[in-house]
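Notes for the structure review
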2 protein chains.
Amino acid sequence: MKKSDVVQALFANKNQKATRRESGLAFAPTNIALCKYWGKRDTELNLPNTSSLSISLPDKGALTKLTFIDETQDKVVLNDKPLAADSAFVKRLVQFLDLFRNEENWKLNVNITMNIPVAAGLASSACGFASLVSALNDLFAWQLSTKELSILARLGSGSASRSLWMGFVEWHAGLQRDGMDSFAEPLPFTWPELKIGILPLSTKEKSISSREAMQRTVNTSLLYANWPKKVLQDTVIIKQALQVKNFSLLGGTAESNALTMHATMLASWPPVCYFLPETIAAMQQVWALRQEGLDLFFTQDAGPNLKLLYLSDIEKEVKKYFPSLETIKLFD
Amino acid sequence: MKKSDVVQALFANKNQKATRRESGLAFAPTNIALCKYWGKRDTELNLPNTSSLSISLPDKGALTKLTFIDETQDKVVLNDKPLAADSAFVKRLVQFLDLFRNEENWKLNVNITMNIPVAAGLASSACGFASLVSALNDLFAWQLSTKELSILARLGSGSASRSLWMGFVEWHAGLQRDGMDSFAEPLPFTWPELKIGILPLSTKEKSISSREAMQRTVNTSLLYANWPKKVLQDTVIIKQALQVKNFSLLGGTAESNALTMHATMLASWPPVCYFLPETIAAMQQVWALRQEGLDLFFTQDAGPNLKLLYLSDIEKEVKKYFPSLETIKLFD
């Protein structure tokens, strides 16, 4: 099944071409997974092997503004800089826009502003595609539900499906072949004391994309076999921890989930290793501080940087040990 | 089943007390596993979940000399230094000797000389227990077969079962509850060009013993489920590689096996991590050199140091990149 089939099915009973507003505008937050998305059952539709669970960063993300232009090709501007038409990022965006063009031949100026520190390893494609579909929805007045936008965002980038909501979000793996049941939804929890800090450890570009790393893991890592079981356990535990506000349980489960994801990569061939010496040094420091009684945990995505998890009452102490920590607001 | 039951069964048809020579002397090499031993099906008898495959280091190991003493307790001297009776090492040795005392009440002076650089993370218990059982066999003139000595050495320390032979050695997991089929045997391969170099990266004492780490992995790591399958594949491939002298296949399989073992540990809780920043830095260097065409691989045991695998024709180049490398003779 192709992406275009999914788009067609989704718009089957809707008027896709109804209106054209002058411009479309939308912001989407980036998100950090507490229970990771790692491995696809369908690489074309970005259908995951497992569900996943994240928290959105309300102040960090992408603002996308769309306007029609009278040109032969789309234009993409990122943080006020026009991008080359043959760059990988622009090609991916244009291919995504193609899904919605049908026989019409509109071209867009896509103006994206991201306030994500590029070096911090925050998923830019997640907030990028989520804000793009929301801006398209605004531009064409599709009036799609957030759930439908989540499905469309997933077609651009898997984790983008989670960036349609603030707060805690669960992306349901779904079972259907067309992925119509694979979308994200908000979870009814809030936790004002919960804090995330980004620990920037390296600005080196990663040696392998998460897309490729994920695929190599699924194809070559024998240890991947039990990853779905791990996720199944962890999503249940994390929801319990959110329900009763048990921070140690939340932090420990999130850290274990991240380490297990990286473990499946290490067992791939050729090995996939997002650990840098600085990553290990920071982990050892977190473990040492925890041994001394500090309720501090980390999570790590497909990059060398760590995200620290803690409650607001120890933020001062955490910042003392990690002066470079960039603290993030999660709740108002 | 207890260790003493196994010893009794093993000596059932033999004259355990036949002779007492004046002293017993034996050397045993240490060994480095190319396919690792990780996880026990019986913690009392050190029966492994899987077979494993190693190479012995003929010049590195333990020389044990035993003499009777007229004292109330055994004495242990390591590298000319008498050890305290209440040290963990002495207690473990004395408990092991107890297995062979029966109603007799002999006491021994156990003089062990090890030429293993202590900081290099080479298994001292492997060569220690292998040389001890061989020296006991010499002292009491038991005339046990090497296979029987391998079973006895295993009761002291699992990997000691492999240190009864030089060259390539396979320790068969066995199926029996009493472990009488769980012993090591030499493999009929030789490879004079094969080299191992020890890369000493840290002299810090490890934070968790391999015995404890192994148990925690088996008990808490969901990823451990597929480790036996990995070992099954790797032992077959390594034997094929030894047969046809395919070095890239040998090195790649050994490296993947070691990384997969460490991956099972990372997925434990609390996490078990023998990587230090220096370990990751050295791994990254090996991977970068391999990308440039150098046929260089590593293996890592339950400690932070790496052992590099390569063929003799690139030894000079390898030493250029890793000046601290301690090269080890494997074959004459």
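Residues numbered from 1 in each chain as written. Chains lettered and ligands numbered in written order. Predicted model: local features only at pLDDT ≥ 70, side-chain atom pairs only at ≥ 80, totals over all residues.

A closer look at the overall build of chain A
Helix and strand counts for chain A come out as nine helices and 13 strands. Taking 2.2 N^0.38 as the reference for a compact globule, 332 residues should give roughly 20 Å; the C-alpha atoms of chain A span a radius of gyration of 20 Å, in line with that estimate. A buried classification covers 47% of the 332 residues belonging to chain A. Within chain A, contacts between residues at least 6 apart in sequence are counted, and of these 73% link residues at least 24 apart. (Helix = DSSP H or I, 4+ residues; strand = E, 2+ residues; numbered from the N terminus. Rg over C-alpha atoms; globule rule 2.2 N^0.38 Å. Buried ≥ 20, exposed ≤ 12 C-beta atoms within 10 Å, placed from the backbone. Contact = placed C-beta atoms within 7 Å.)

Quick word on the interface of chain A and chain B
Contact residues are listed per partner, giving 24 residues for chain A and 23 residues for chain B. Of all the elements, helix α7 (residues 247-266) of chain A adds the most residues to the side of chain A that touches chain B, at eight residues. In terms of residue class, the side of chain A that touches chain B is made up of 16 nonpolar, six polar and two charged. (Nonpolar A, V, L, I, M, F, W, Y, C, P; charged D, E, K, R; others polar.)

Description of the sheet that holds strand β12 (residues 306-311) of chain B
All names here are of chain B. Sheet architecture is open: four strands sit in the order β11-β12-β10-β13, paired in antiparallel fashion. In this open sheet, the two strands that pair with only one neighbour each are β11 (297-300) and β13 (326-328). Along the sheet, successive strands turn relative to each other by an average axial angle of 30°, direction set aside. Direction of pairing for β11 relative to β12: antiparallel, over a ladder of four bridges. Note that in β12 the partner of Gln 300 across the bridge is Leu 306. Sitting on the sheet, helix α7 (residues 247-266) touches β11 and β12, and the angle it makes with β11 is about 35°. (Pairing = 2+ DSSP bridges. Axes fitted to C-alpha atoms, helices over the stretch in contact; angles between N-to-C directions.)

Some thoughts on the nonpolar core
In this structure, A:Ala130, A:Ala263, A:Leu308, B:Ala130, B:Ala263 and B:Leu308 are the most contacted members of the largest nonpolar core, which totals 188 residues. Ignoring sequence-local partners within four residues, the contact set of B:Ala130 consists of B:Ala28, B:Ala153, B:Ala160, B:Ser163 and B:Leu164. (Core = buried A, V, L, I, M, F, W, Y, C linked by C-beta atoms within 7 Å.)

What to know about the relation of the copies chain A and chain B
The two copies are related by a screw motion: chain A maps onto chain B through a turn of 180° and a shift of 0.0 Å along the axis, at an RMSD of 0.0 Å. Such values leave the two copies arranged in the relation of a two-fold axis. (Least-squares fit on C-alpha atoms with pLDDT ≥ 70 in both.)

Examining the domain arrangement of chain A
Residues and elements named next belong to chain A. Parsing chain A into structural domains produces domain 1 (3-186) and domain 2 (194-329). The C-alpha-based centres of domain 1 and domain 2 are spaced at 25 Å. Secondary-structure elements contributing two or more residues to the side of domain 1 that touches domain 2 are β1 (23-35) and β4 (52-69). In terms of residue count, β4 provides more of the side of domain 1 that touches domain 2 than any other element does, five residues in total. Among the residues making up the side of domain 1 that touches domain 2, the classes are represented as twelve nonpolar, six polar and four charged. (Domains from an automatic or database assignment.)

Topic: the packing of helix α8 (residues 277-291) of chain A against helix α8 (residues 277-291) of chain B
Where α8(A) meets α8(B), the closest approach of the two axes is 8 Å, and the angle between their N-to-C directions is 160°. One element, α8(A), and the other, α8(B), form an angle in the roughly antiparallel class. Two packed elements cross with a definite hand, and for α8(A) against α8(B) that hand is right-handed. Counted together, A:Pro277, A:Ile280 and A:Ala281 of α8(A) and B:Pro277, B:Ile280 and B:Ala281 of α8(B) form the full contact between these two elements. (Parallel < 35°, antiparallel > 145°, perpendicular 65-115°, else oblique. Left-handed = near helix turned anticlockwise from the far one by under 90°.)

A look at the pairing of strand β10 (residues 194-199) of chain B
Residue and element names in this part refer to chain B. Summarising burial for β10: six of the six residues are buried, a large majority. Residues of β10 alternate between two faces, with Leu 194, Ile 196 and Ile 198 on one and Lys 195, Gly 197 and Leu 199 on the opposite face, all of them buried. Both β10 and β12 contribute to a ladder of six bridges, which runs antiparallel. Across the sheet, Gly 197 pairs through a bridge with Leu 308, a residue of β12. Across three bridges, the pairing between β10 and β13 is antiparallel. Paired with Ile 196 across the strands is Ile 328, a residue of β13.

So, the environment of A:Asn49
Residue and element names in this part refer to chain A. Looking at the secondary structure, you find Asn 49 in the loop between β3 (47-48) and β4. For Asn 49, a count of 18 C-beta atoms within 10 Å corresponds to the partly exposed category. Taking the C-alpha atoms as reference, Asn 49 lies 17 Å from Val 169; in sequence the two are 120 residues apart. In this view, Asn 49 contacts Gly 39, Lys 40, Arg 41, Ala 173 and Pro 228; residues no more than four positions away in its chain are not counted.

Topic: the sheet that holds strand β10 (residues 194-199) of chain A
The strands making up a sheet are joined through hydrogen bonds of the backbone, oriented either antiparallel or parallel. Residue and element names in this part refer to chain A. Across the sheet, which stays open at both edges, the four strands sit in the order β11-β12-β10-β13 with antiparallel pairing between neighbours. Pairing within the sheet leaves two strands with one partner each, and these edge strands are β11 (297-300) and β13 (326-328). Neighbour-to-neighbour, the strand axes of the sheet open up by a mean angle of 30°, direction not taken into account. Here α7 sits on the sheet in contact with β11 and β12 (306-311), set at roughly 35° to β11.

A closer look at the environment of B:Met114
Residues and elements named next belong to chain B. Take Met 114: it is sitting in strand β7 (residues 107-114). Put simply, Met 114 and Asn 305 are 191 residues apart on the chain and 19 Å apart in space, counted from C-alpha to C-alpha. Non-local contacts of Met 114, meaning those with residues more than four positions away in its chain, are made with Ala 62, Asn 79, Ser 124 and Cys 127.

As for helix α6 (residues 227-244) of chain A
Residue and element names in this part refer to chain A. Counted at 1.5 Å a residue, the expected span for α6 with its 18 residues is 26 Å, and the 26 Å between its end C-alpha atoms agrees. Looking only at α6, the buried set comprises Trp 227, Lys 230, Val 231, Asp 234, Thr 235, Ile 238, Ala 241 and Leu 242. The arc that holds every buried residue of α6, seen down its axis, measures 135°, which confines them to one face. More than 90 degrees from the buried face of α6, the exposed residues found are Val 236, Gln 243 and Val 244. Looking at the buried positions of α6, the neighbouring elements they touch are β1, β4, β8 (168-171) and α7. Directly after α6, the chain includes Lys 245, whose backbone phi takes a positive value near 50°. (Expected span 1.5 Å × (residues − 1). Arc of directions from axis to C-beta.)

A word on the packing of helix α3 (residues 124-139) of chain B against helix α4 (residues 146-156) of chain B
Residues and elements named next belong to chain B. It is at 8 Å that the axes of α3 and α4 come closest, and there the two elements cross at 130°. With respect to α4, the axis of α3 lies oblique. Seen from above, α3 lies across α4 with right-handed handedness. Together, Phe 129, Ala 130, Leu 132, Val 133, Ser 134 and Asn 137 of α3 and Leu 149, Leu 152, Ala 153 and Gly 156 of α4 make up the contact between the two elements.

Some details on unusual backbone geometry
The step from A:Trp269 to A:Pro270 runs through a cis peptide bond, and the omega angle for that step is -10°. Structurally, A:Pro270 can be placed in the loop between α7 and α8. Here the phi dihedral of A:Asn102 falls at roughly 50°; this positive angle occurs in a residue that is not glycine. In this fold, A:Asn102 is placed in the loop between α2 (88-98) and β7 (107-114). With a phi angle near 50°, B:Asn79 is a residue other than glycine that sits in the positive phi range. Turning to its location among the elements, B:Asn79 is positioned in the loop between β5 (75-78) and β6 (81-82).

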